[in-house]
Amino acid sequence: MVDRELLIRSGWDWLRAGRWAEVSGETVTLHFELDGVRGTAHAEVTPAPSLQLPGSSHKPALGDVKQWRMGEVSVEVSAPAQATA
């Protein structure tokens, strides 16, 4: 969910970013590097009420589908290193 949010914010260039996540309880920390800029994004991801949906057109019985709620995403970035002449 956090990765998707940063894709929405950054556009298609986000797909070139190196990224990895750490999950601790309900806190998700996504580390990234894109075009020399490094950063982290943090968000709380909590369970939301599940949906009752049919399995398929061949299995009409309803089943639980897990849903998730994401809190505000905070992003911290470090400026790229400046070249010296």
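Our subject is the structure that appears above.
Quick notes on the rules
Residues numbered from 1 in each chain as written. Predicted model: local features only at pLDDT ≥ 70, side-chain atom pairs only at ≥ 80, totals over all residues. Heavy atoms only, no water. Salt bridge = Lys/Arg side-chain N within 4 Å of Asp/Glu carboxyl O. Helix = DSSP H or I, 4+ residues; strand = E, 2+ residues; numbered from the N terminus. Phe/Tyr/Trp six-rings, centres within 6.5 Å; stacked < 30°, edge-to-face > 60°. Buried < 20%, exposed > 50% of the residue type's maximum accessible area, 1.4 Å probe, protein only. Polar contact = N/O pair within 3.5 Å; in protein donor to acceptor, adjacent residues only side chain to side chain. Contact = heavy atoms within 4.5 Å. Patch = residues over 30% accessible without salt bridge, like charges linked within 9 Å, V, L, I, M, F, W, Y side chains within 5 Å. Areas by Shrake-Rupley, 256 points an atom, 1.4 Å probe, with all protein chains shown as cover. Core = buried A, V, L, I, M, F, W, Y, C linked by side-chain atoms within 4.5 Å.

Draft legend 1. Structural context of the pattern of salt bridges. Tallied over the entire structure, the rule returns five salt bridges. A salt bridge links R19 to D3, with the nearest nitrogen and oxygen atoms 2.7 Å apart. Of this pair, R19 sits in strand β1 (residues 18-24) while D3 sits in helix α1 (residues 2-10), and the two are 16 residues apart along the sequence. What you see here is one network of salt bridges that share partners, running through D13, R16 and D35.

Draft legend 2. Spatial organisation of the packing of aromatic side chains. Counted by the stated rule, this structure contains one aromatic pair. Ring centres 5.2 Å apart and planes at 70° place the aromatic pair W14 and F32 in the edge-to-face group. Of this pair, W14 sits in the loop between α1 and β1 while F32 sits in strand β2 (residues 27-34), and the two are 18 residues apart along the sequence. Summarising the burial analysis for this pair, W14 and F32 share the class buried.

Draft legend 3. Molecular detail of the side chain of H31. Secondary-structure assignment places H31 in strand β2. Within the structure, the side chain of H31 is placed 3.1 Å from the side chain of E22, a separation counted as a polar contact.

Draft legend 4. Just the environment of A17, in detail. Tracing the sequence through the fold places A17 in the loop between α1 and β1. The class of A17 is buried, set by a relative accessible area of 8%. Taking the C-alpha atoms as reference, A17 lies 33 Å from L51; in sequence the two are 34 residues apart. In this structure A17 touches E33 and L34, once residues within four positions along its chain are discounted.

Draft legend 5. A look at a nonpolar patch on the surface. On the surface, L51, L53 and V65 cluster together into a nonpolar patch covering about 210 Å² of accessible area. By the element assignment, V65 lies in strand β4 (residues 62-70).

Draft legend 6. Looking closely at the nonpolar core. Ranked by size, the top nonpolar core spans twelve residues in total: V2, L6, W14, A17, V28, L30, F32, L34, A41, A43, V45 and V73. The element best represented in this core is β2, accounting for four residues.

Draft legend 7. Looking closely at the environment of V77. Tracing the sequence through the fold places V77 in strand β5 (residues 74-78). Its relative accessible area of 57% is what places V77 among the exposed residues. Sequence spacing of V77 and G39 is 38 residues, and the spatial spacing of their C-alpha atoms is 4.1 Å. Look past the residues within four positions of V77 in its chain and what remains in contact with it is F32, V37, R38 and G39.

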